[in-house]
Amino acid sequence: MKFVSTRGGAEKVSASRAIVMGLASNGGLFVPEKFPQVSLSELEGMIEMDYPERAAEILSKYLTDYDREGLLSACKAAYAKFDGDPAPLVRLDDGVFILELWHGPTCAFKDMALTLLPYLLRKGCDLCGIKEEILILVATSGDTGKAALEGFKDADGVKIMVFYPSDGVSKMQKLQMCTQEGGNVNVVAVKGNFDDCQTAVKEIFASADCVEKLKEHNIALSSANSINFGRLAPQIAYYFSAYLDLVSSEQIAMGEEIDFTVPTGNFGNILAAYYAKRMGLPIRRLHCASNENKILTDFLETGVYDTRREFYKTTSPSMDILVSSNLERLIFEVSGRNSKLCAKRMEDLKKLGRYEITAEELAEIKQTFDGGYADEETAVEAMYDVFVDVGYTMDTHTGCAMKVAVDWFEKNKKDETNMVVVSTANPYKFPQDVLYAVTGNDVKDSFKGIKRLHAATAMAVPKCLSSLKDKTPRFTRTADAKKLFEEILEFIKK
Ligand SMILES: *Cc1c(COP(=O)(O)O)cnc(C)c1O
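Described below are features of the structure shown in this document. (Residues numbered from 1 in each chain as written. Predicted model: local features only at pLDDT ≥ 70, side-chain atom pairs only at ≥ 80, totals over all residues. Heavy atoms only, no water.)

A complete count under the given rule lists 3 cavities of 30 Å³ or more for this structure. In this model, the largest cavity occupies a volume close to 270 Å³. Lining the largest cavity are 26 residues; nearest its centre among them are F109, K110, G265, N266 and S318. Where the lining of the largest cavity is concerned, the elements lending two or more residues are α7 (143-152), α9 (194-206), α11 (229-248) and α12 (268-278). Per-class residue counts for the lining of the largest cavity are 8 nonpolar, 15 polar and 3 charged. (1 Å grid on protein atoms, 1.4 Å probe; cavity = no way out; pocket = protein on both sides within 12 Å on 5 of 7 lines; lining within 4 Å. Points joined across faces, edges and corners; volume = space filled by probe spheres on them. Helix = DSSP H or I, 4+ residues; strand = E, 2+ residues; numbered from the N terminus. Nonpolar A, V, L, I, M, F, W, Y, C, P; charged D, E, K, R; others polar.)

Written out as structure tokens, the structure is:
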């Protein structure tokens, strides 16, 4: 399988090269030349497999230059770091399920890919004959940063540097990152919001000057952001796994179509679902859930992607995003893989803050996708209702998705298609907001929030969160978005 850039050019690269580079040299995103297919009989054969085997099966369809045995043992090692089943399905009601993706080491769905990415990258460097030390740069809206730090800490031949928006992450997320252990890690706050942070990091990747300077230090850049195909590929696997679990528990028949609702920020998670559908997984519709930053809801309605709008800080910070990078891959597909057009639109986005797709393209997107959003109040209501009705506690991001799913049920009362709502974080990652949603109580301190939430829900508190209380932050620097490269140089000289 070869990979091409969404923005064209002659460059056709292997999977390992796509993962090591992260971003194509013309700024585009790497996409597979075609979607590998999984037949129903192949699906049938995956029912008996455990999660790591299913994941290795899906990965090996894309990562054809990696050896299969290696992928399987890497999946086994990565998912052994999870607490039990890496992607359990919980039944909420008739035809409504939650796919919990937060049983990994940092309690967010990012672990599903970031526990595996270090292997994919290290092996990728070997396959490409890369001898330089790798520097991973991450711009994070909160959860990626910690998951990447945890995944890459003390990995051989790799340094990792994480940038987060100084006023854009929750206290828990910040504590998780700033207390990170490991000799090869660094964490810096960037003045501004996530988009400022992501833009600044993207500019470093795109700057020939920066790349050249790093080369002088024997360093090659790579990215662990969700634009890296090495992040996307492992995410495709859990959509297959959820489907197989529904079949094996006799909730659906093999071949029956299902829907997913996905809490969405950078469009990586839901794009993986779209890839699964294109591979032949029987998915009917994908419901894209946003918070008050509802740029995707508007786009899916009108075909206009317009970032010239107010940015809201919400209680679902990992979805506080106006530039959803992975949307580029969907735009590329529905344009008939027209890379010139895709490049033009991304240029417009950068220069004018907006772009527009054609009515035909929008119609094609709407065949699969619809969008919805929750404001702060309606997300809380959705979380509260589920807690009271069935005793299930969800985090704030999943709360947004639940609201969007409920809206769909109300508008489509006769629809009997099974719905899987994707749950992206452990509720204890956002303890005060979840406590408020389920009890109406406000507490000022996160750890008090954890204690009270435990009293209200009896849900087990993950150690990686409760133990933060006794840790002292190691990283306290704040930098201007224009000065990130200086921070990087300082770090690599150490
Ligand atoms: C990252 C994240 C999201 C958004 O996922 P995308 O792939 O960026 O769309 C949603 N919820 C949580 C908890 C996250 O960490």
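Here the focus is the site of the ligand. What surrounds the ligand is a group of 15 residues, the closest being K110, D143, G265, N266 and T424. Measuring from an oxygen atom of the ligand, one finds a backbone N or O atom of F267 at 3.1 Å. The separation between an oxygen atom of the ligand and a polar main-chain atom of G268 is 3.2 Å. Under a 2 Å grid-point criterion requiring more than half of the atoms, the pocket assigned to the ligand is the largest cavity. Here the shell around the ligand is composed, by residue class, of 5 nonpolar, 8 polar and 2 charged. (Near = heavy atom within 4 Å. Polar contact = N/O pair within 3.5 Å; in protein donor to acceptor, adjacent residues only side chain to side chain. Sits in = over half its atoms within 2 Å of the grid points.)

Most of strand β7 (residues 158-165) is tucked away: 8 of the 8 residues are buried. Across the two faces of β7 the burial is the same, with V158, I160, V162 and Y164 and K159, M161, F163 and P165 all buried. Bridge count for strand β6 (residues 133-139) against β7 is 6 bridges, and the pairing is parallel. Bridging across to β7, I134 finds its partner in V158. For the crossover from β6 across α7 to β7, the handedness is right-handed. Of the strand pairs in this sheet, β7 and strand β8 (residues 185-190) are connected by 6 bridges, and their pairing is parallel. Across the sheet, residue F163 finds its bridge partner in β8, namely V188. After leaving β7, the chain enters helix α8 (residues 171-178) and then returns to the sheet as β8, a path that is right-handed. (Buried < 20%, exposed > 50% of the residue type's maximum accessible area, 1.4 Å probe, protein only. Pairing = 2+ DSSP bridges. Right-handed = clockwise from strand over helix to strand, strands pointing away.)

To continue, consider the pairing of strand β10 (residues 258-263). By the criterion of burial, β10 is predominantly enclosed, with 6 of the 6 residues buried. What you see with β10 is no split at all: I258, F260 and V262 on one side and D259, T261 and P263 on the other are buried throughout. Running through α12, the crossover from β10 to the neighbouring parallel element strand β11 (residues 283-290) is right-handed. By the bridge criterion, 3 bridges tie β10 to strand β15 (residues 419-423) in an arrangement that is parallel. Looking at the pairing, F260 lines up with V420 of β15.

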